[in-house]
Structures are given as structure tokens and as C-alpha cells.
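# Results of the structural survey
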Amino acid sequence: MGNNIVQKIFESHKASGDVKEGSLLGLKVDQVYTQDATGTMAWLEFEAIGIERVKVPLAVSYVDHNMLQSNFMNADDHLFLQTAAARFGAYFSKPGNGICHQVHLERFATPGKITLGTDSHTPTGGGMGMIAIGVGGLEAATVMAGAAFEINMPKVVLIRLTGKLQRPWVTAMDVILTLLKMLSVKGGVGKILEYSGEGVKYLNVTERATITNMGAELGATTSIFPSDENTLLYLKAQGRQRDWIKLQADEDAEYSDIIELDLSKVEPMIAQPHSPDNVVAIREIIGKRVNQVCIGSCTNSSYQAMRAVASILRGNTIPEHVNLLINPGSKQVYEMLSREGLIADMIAAGARILEASCGPCIGMGGAPATGHVSIRSYNRNFQGRSGTKDAFVYLTNPIACVVMAVIGKIIDPRDFEEFKGLRAQELLNEMKEPEKFLINDNLIVTPKSDTKDVKIIKGPNIKEVPVKEPLMNEIEADVLLKLGDNITTDDIMPAGSKVLPFRSNIPAISEFVFENIDRTFSKRAIEAKQKGGSIIIGGENYGQGSSREHAAIAPMYLGVQAVVAKSFARIHRANLINFGVLPLVFKSALDYEKIQKGDRLLLRNVIESVKSGQSFIIENLTQEYIFEAVPSLNDRERELILKGGLLPYTRS
Ligand code: MIC
Ligand code: SF4
């Protein structure tokens, strides 16, 4: 039996275990990268582990999220990150160099390698034929300190692409939106999606990266494309052909499931508020007035995408009721567009050009007005994430976005020719991949070899990482919240311009936990902490979305002992365990129905239950009944939970 691409890469990186579905597998990691919003914790954690220098072959610290610098806090974080990178031997990508995933794809991603990133959209690198997985900061820190990365081998699902997209109006974004419609935000949980088939050769690397990037919204561990001629072309254009290897699945490779998708049947799609899987064909909702359009983010900000946007804007003016914001993905893209006069086309049409950073995608500026419709080429439209709770955020492809910005309402981009006479062929000619990208790495600081004397600078907002005490044998705690399905980490630990500056200060950021769901949560949690702590009840896919470990650390800091849910999203579950909070799964869905906010629960023999892996028998003291919840921990996770988390475990 032959191997699929995932098996090939895992076999060549195996440190322990078996490359067998469900088995615990240890992997040697080639590259680790952090971004600033999760990176301050990751580097504080690395420092706390006490290792002199990173032990992975390549580590990069990016600054792309926290860029508003409305006071000392963001700037202090940047300085901390720069000095920590210099001290510990990591590359430092300065603010202005671009969004981590886009820059990593351009300058570092390498076929056949394994990369971890402290951001859920790290799988962007899958477009380059590498295994790229999003993890929490502490996981990244321990791997940078020399540990193997351990996971339960996911299922590998083949997505077989046939046919060709109806270019230029249908793009890679429509492929992933179609998959989200088919599979939902939990369709990829526990799976790696491996793309193959005839259709692959009609997608270039940045288009593939759009698809793997947004595989995160499916809940997939990661997604990967083969490395082929197109990969070589891209690497050549980046001056990195030496990094190329050919990588494809064996003819007789096996998969746990196969999904067929005919690219020629994919239509322009749009995700409606407030979930990336609430997808319909654009033609089903045409006519709605559009107030804001945002183009860019790590999903759709390649040079080709931006070039297409500029071509459509050329000679047009956006209507008076529309605001158009554009954030190019990287300095490389920004500089190329500028030198070619394309930024001028955008400005002339009325666009507001933002920095090469995450910007409005994470509510760092650009919030829409109350009740307004915002059309974005981004990847998440959770309620309130834009900074405006009652705005209506839609996600669609960048060409559809710009067409809507010009027309001022939702239209199917295929109808644009009638409106404005721009020929599809002209646009296609403009969208060719360049033979050579402009390479100017002057915002990437290379680590020196002798770094022992570098002083790490920490501003007053940077506080130590709190650590949980070892697990208690008896937990008696109040149910402070009962939540529904698909609760996001944005729900648990909001981001945006008000909260993001506190990412290096857990005591301060913990005041915002569940702010948009229940403003009283943190106050009630602190009160409950005096009486044994608290428990949160969740539905399916609890903690979907980002990798921010703050969604685990801050609740832990507030005294949350356990989350009992119907199921968990992968990264958040790992983050809870890494910070010593028990993730338990209801044995029967009926018990989820019965339990109520305010109930007091008793968990006895906690340590024994964790050690044995048996179900917890939980007493509901308020309603006087007993129910079961399952820990489902592997051997390593058991150890972590018993010790109070990954930091005490690593230090012991
Ligand atoms: C996101 O898109 O939600 C973020 C902001 O990039 C997060 C990371 C973070 O919260 O810092 C992610 O995707 O992991
Ligand atoms: Fe940044 Fe948005 Fe991408 Fe997250 S999804 S890394 S906030 S651009």
C-alpha cells in the first residue's frame, strides 16, 4: 500500500509513535513562528522554560496584529518581541513587513517541512506542500525548547479536485466557501485535508494557500497540496528554487474518506452573518446595499489578488455610500503594487489603503457603523469580531468584493461585465503570476550567533504567565455559564482594539472574558473562585476559531476548573489542557439539556478518574442527580492535567 503526502511527511519527521490514525505521534518540527498577539505569551513561556536558544532549525517572530500603537502597550510588546527574538535566536519580522502567514509563505515556507505557528491560520503554508499546524503559544514554546510535537494522528481525507474554475470571477476563495457549505465549521475536526486531482494544476501557490488558510474554518488540523511545477514556479519567483522538492501521493495511497469537487461547477459564493459556513451562492442574495468593503487579510492578499482589485478599480469611483479599505498582505505585495502604480489606481477610485497588517479582520480599526453591511475577503465573520456587534459581515472572494464596492450593492461578479464593460479576458491577463517577485527583506532581522548578552526589554504592561496549581482531587464549583454550539474563542476572549493591547497582561485581559456574552462573567468568576471555582457548559465544537491561549489562561486565572461540553475544537482543547483546565465531554447529550446555569456540581476522585481515563461521575448538587462526563485524555495529556499544565510539566 502506498502513502499519501501526510504520511510521507510524518514518516520522515517521526520522533515516536506510529503514523496510524488515532495513535499518539511525536514529530520533529522544522519551523516555528509566532505573531505578536499570541507571541508575547509564547516568548514569555519560552523564557520561563529556561532554555538558552531555540532548538528548532528556524524560528520567526512576526508583528502583524497589534499595530495601532495608541499608547505604549503595543510598542512595548514589539520591543519585547524584538529583543526576545534577538536573545533566543529567532528571526524578527518587524511591524510593516506584513501578515505572518503571507510573509511566511513568501520567504520561508518549504515543501515537505513541518511548521507550527501560534495562529490558527498557519495552515496557509499547506499551499506550499508543507504540514503547517496552528497551536497555542505554550505548545510552540516547548517545541522551540526542543520537545517533539505530539498529536493523535488525524484522519487524512482526500479532496479530489477536477475541472477548472470559471475565471476570473470565481476564485480559490469560492472553493473553500463551497467546502464550508458542504462540511460546516466542524466538518474538518480531527482531520487533515489533502488535495489532489487534475484540478490542482490549475491553481497557483497563493490560490492553494487561500484554500488551506481557510481550512481552519472547517476545524481541520491542517490542509495540504502536493508540491509540483507550480510550487517550483512560485519558489523560483521568490528566488528560493533551492527549497523545492517534488511531493505527491503514491498512486495507491489510501485515505479515510474521499470528497470530489468539480471546480468548473463552483460559483461565486458568500458567507452570510455570522458564521463562515453560512454560505450561499452570491446570486441568491443580490441587491442588498453595501456600506463597507474590506479587501486583504491572510486569506486573500496575494499580489495577484491585489492586482485584480486594482484593475477593476482603475478608472472607477466608489459610490458615496461605500467605504473601501484595503490591507495588502505583505511589504512585498505593497511595494510591488506601489512601484507599478496600482496603489495609485486604488487611491484614485477612493480606497483607503491600510498597513500590511491584520487590521479590520481582528477589529483593529475599520469597524463598520451600527447595522451596516460589510463585505470582506477575510476568513471570519463571527458576531462582533469586526468591533461592531450589530454589523452584518459577509465573506466573499476579493474580486466579488471590489465589484460590490464599485456597484455599491451585492452583485454576482459574473454580471459585472454588463455594468462596467470590463472584459474577463483583460482581467485575466492582468492576474498572471509574476516571474519574479520583488525581494527586499530589510524588515526581517536575522538572528546573530552569540546572543547571550542581549537584554530582553519588558515594558510595564508585560506580566508573567500565571500557572495553575496541581489538580485538586475534589472539585465543587458553580456552573457560571451554559452556552450553545460553536462558541468561538472570540466569544470567550474577545479581541479588537480595546482588548488586544492586554495580550501580555493576563490579570488585565481576564476582565474581558465572555464580555460580549455576559458582562458580569469575570466578576462572578472571581467571587466563585473563593468558593471552589467555576465550571462552564458548552455545546458542540466549543472553542472554535483562533489559537489564542488567552481563551484558556484567562478563564483559568479566574478560577474555571473545567469545561463540560458536547465536543471541543482542537486547538482550544489543547490550550485548556496546557493550562490545567479539564475538558470533559458529556456522555449523553440529554445531560447537556438538563443542566442549568447556577447549578452547583461536585466532581469526586478527580485524580483517579484522570489517571484511569474512566468517566467522571458528576453530582449536580442543585438538581440532585448524577451524570457522566468523559475526559478522553491521551497519556501525555493525563500527565499535563495532573501537574497543572504544560509549563509545570516541562519544568519538572
Ligand atoms: C484570528 O484570526 O482570530 C487571530 C487573531 O489571528 C487568532 C490569533 C489571536 O487571537 O491572536 C488566530 O487565528 O489564531
Ligand atoms: Fe490576521 Fe485575520 Fe489572518 Fe487572523 S485571520 S492572522 S487576524 S489577517
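Below is a short write-up of the structure. Predicted model, so just to flag it, every value in this text is computed and none were measured.

## Considering the overall build of the protein chain
- The helix and strand tally for the protein chain stands at 24 helices and 27 strands.
- The C-alpha atoms of the protein chain give 24 Å as radius of gyration, which agrees with the globular expectation for 652 residues (26 Å, within 12%).
- Along the first, second and third principal axes, the C-alpha atoms of the protein chain reach 70 × 55 × 55 Å.
- By residue count, 65% of the 652 residues in the protein chain fall in the buried class.
- Taking as baseline every contact in the protein chain between residues at least 6 positions apart, the subset at least 24 positions apart corresponds to 77%.
- Of the roughly 22400 Å² that the protein chain leaves accessible, carbon and sulfur atoms contribute 48%.
- Side-chain charges of the protein chain comprise 70 positive and 74 negative groups, with the mean position of each set lying 2 Å from the other.

## Topic: the sheet that holds strand 16 (residues 323-327)
- Strand order in the open sheet formed by seven strands is 14-13-19-18-15-16-17, and the pairing between neighbours is mixed. Only two strands of the sheet have a single partner each, and these edge strands are strand 14 (279-281) and strand 17 (352-353).
- Bridge analysis of strand 15 (residues 292-296) against strand 18 (residues 373-376) gives three bridges, and the strand direction is parallel. Bridge pairing in strand 18 links Val293 to Ile375.

## Section: the packing of helix 7 (residues 205-213) against helix 8 (residues 229-237)
- At a minimum axis separation of 9 Å, helix 7 and helix 8 run at an interaxial angle of 110 degrees. Judged by the inter-axis angle, helix 7 sits roughly perpendicular to helix 8. Of the residues in helix 8, those in contact with Val205, Thr206 and Arg208 of helix 7 are Asn230, Thr231 and Tyr234.
- Residue classes in the contact of helix 7 with helix 8 are distributed as two nonpolar, three polar and one charged.

## Thoughts on the environment of Thr388
- Summarising the element assignment, Thr388 is placed in the loop between strand 18 and strand 19 (392-396).
- Accessibility expressed as a relative area gives 10% for Thr388, which makes it buried.
- Considered as a pair, Thr388 and Gly363 are 25 residues apart in the sequence and their alpha carbons are 8.4 Å apart.
- Not counting chain neighbours up to four residues away, the residues in contact with Thr388 comprise Ala367, Pro368, Ala369 and Thr370.
- Among the polar contacts listed, one links the side chain of Thr388 to the backbone oxygen of Pro368, at a separation of 2.5 Å.

## Brief notes about the side chain of Asn381
- With respect to the helices and strands, the residue Asn381 is situated in the loop between strand 18 and strand 19.
- Note on Asn381: relative accessible area 1%, which makes it buried.
- Engagement of the side chain of Asn381 in a polar contact is seen with the backbone oxygen of Gln272, the distance being 2.9 Å.
- At 3.1 Å, the side chain of Asn381 and the backbone oxygen of Val393 are in polar contact.

## A short note on the packing of aromatic side chains
- Taken as a whole and judged by the stated rule, the model has 15 aromatic pairs.
- Consider the rings of Tyr542 and Phe568, whose centres lie 6.0 Å apart with planes at 85 degrees: the pair is edge-to-face. Separated by 26 residues along the polypeptide, Tyr542 in the loop between strand 22 (534-537) and helix 19 (550-557) and Phe568 in the loop between strand 23 (560-565) and helix 20 (570-578) bring together distant segments of the chain.
- One aromatic cluster is present, built from ring pairs that chain together Phe586, Tyr592, Tyr625 and Phe627.
- When the ring centre of Tyr625 is taken as origin, the NZ or CZ atom of Lys594, which lies over that ring, is 4.0 Å away.

## Some points on the site of ligand 2
- Neighbouring ligand 2 are the residues His65, His101, Asp119, His121, Ser297, Cys298, Cys358, Cys361, Ile362, Asn379 and Arg385.
- Because more than half of its atoms lie within 2 Å of the grid, ligand 2 is assigned to the largest cavity.
- A per-class count over the shell around ligand 2 returns four nonpolar, five polar and two charged.

## Quick word on the pairing of strand 21 (residues 475-482)
- Judged by how many residues are buried, strand 21 sits mostly within the fold: six of eight residues are covered.
- With four bridges connecting them, strand 21 and strand 25 (residues 600-603) associate as antiparallel partners. Within strand 25, the position partnered with Asp478 by the bridge is Arg600.
- For strand 21 and strand 22, the ladder comprises four bridges, and the chain directions are parallel. Bridging across to strand 22, Lys482 finds its partner in Ile537.

## Things to note about the site of ligand 1
- Contacts to ligand 1 come from 14 residues, most closely from Asp119, Ser120, Arg385, Ser547 and Arg548.
- Contacts to ligand 1 include Arg380, whose side-chain N or O atom sits 2.9 Å from an oxygen atom.
- Within the complex, the protein chains bury 97% of what would otherwise be the 340 Å² of accessible surface of ligand 1.
- In this structure the site holding ligand 1 corresponds to the largest cavity.
- Split by residue class, the shell around ligand 1 holds two nonpolar, seven polar and five charged.

## Brief notes about the layout of surface pockets
- Empty space within the largest pocket amounts to approximately 860 Å³.
- Lining the largest pocket are 37 residues, with Asn152, Gly190, Arg570, Arg573 and Glu637 positioned closest to its centre.
- Contributions of two or more residues to the lining of the largest pocket are made by strand 8 (149-152), helix 20, strand 24 (582-586) and helix 23 (635-643).
- Looking at the lining of the largest pocket element by element, the count peaks at seven residues for helix 20.
- In terms of residue class, the lining of the largest pocket is made up of 16 nonpolar, 12 polar and nine charged.
- Along the walls of the second largest pocket sit 33 residues, with Arg167, Asn204, Glu207, Met431 and Glu433 positioned nearest its centre.
- Sorting the residues of the lining of the second largest pocket by element identifies helix 4 (100-107), helix 6 (172-183), helix 7, helix 8, helix 9 (303-313) and helix 12 (398-407) as the ones contributing at least two each.
- Ranked by the residues each element gives to the lining of the second largest pocket, the list is headed by helix 7, at four residues.
- For the lining of the second largest pocket, a count of residues per class yields 16 nonpolar, 12 polar and five charged.

Conventions we followed
- Residues numbered from 1 in each chain as written.
- Chains lettered and ligands numbered in written order.
- Predicted model: local features only at pLDDT ≥ 70, side-chain atom pairs only at ≥ 80, totals over all residues.
- Heavy atoms only, no water.
- Helix = DSSP H or I, 4+ residues; strand = E, 2+ residues; numbered from the N terminus.
- Rg over C-alpha atoms; globule rule 2.2 N^0.38 Å.
- Buried < 20%, exposed > 50% of the residue type's maximum accessible area, 1.4 Å probe, protein only.
- Contact = heavy atoms within 4.5 Å.
- Areas by Shrake-Rupley, 256 points an atom, 1.4 Å probe, with all protein chains shown as cover.
- Lys, Arg positive; Asp, Glu negative; His and termini not counted.
- Charge placed at Lys NZ, Arg CZ, Asp CG, Glu CD.
- Pairing = 2+ DSSP bridges.
- Axes fitted to C-alpha atoms, helices over the stretch in contact; angles between N-to-C directions.
- Parallel < 35°, antiparallel > 145°, perpendicular 65-115°, else oblique.
- Nonpolar A, V, L, I, M, F, W, Y, C, P; charged D, E, K, R; others polar.
- Polar contact = N/O pair within 3.5 Å; in protein donor to acceptor, adjacent residues only side chain to side chain.
- Phe/Tyr/Trp six-rings, centres within 6.5 Å; stacked < 30°, edge-to-face > 60°.
- Lys NZ or Arg CZ within 6 Å of the ring centre and 35° of its normal.
- Near = heavy atom within 4 Å.
- 1 Å grid on protein atoms, 1.4 Å probe; cavity = no way out; pocket = protein on both sides within 12 Å on 5 of 7 lines; lining within 4 Å.
- Sits in = over half its atoms within 2 Å of the grid points.
- Points joined across faces, edges and corners; volume = space filled by probe spheres on them.

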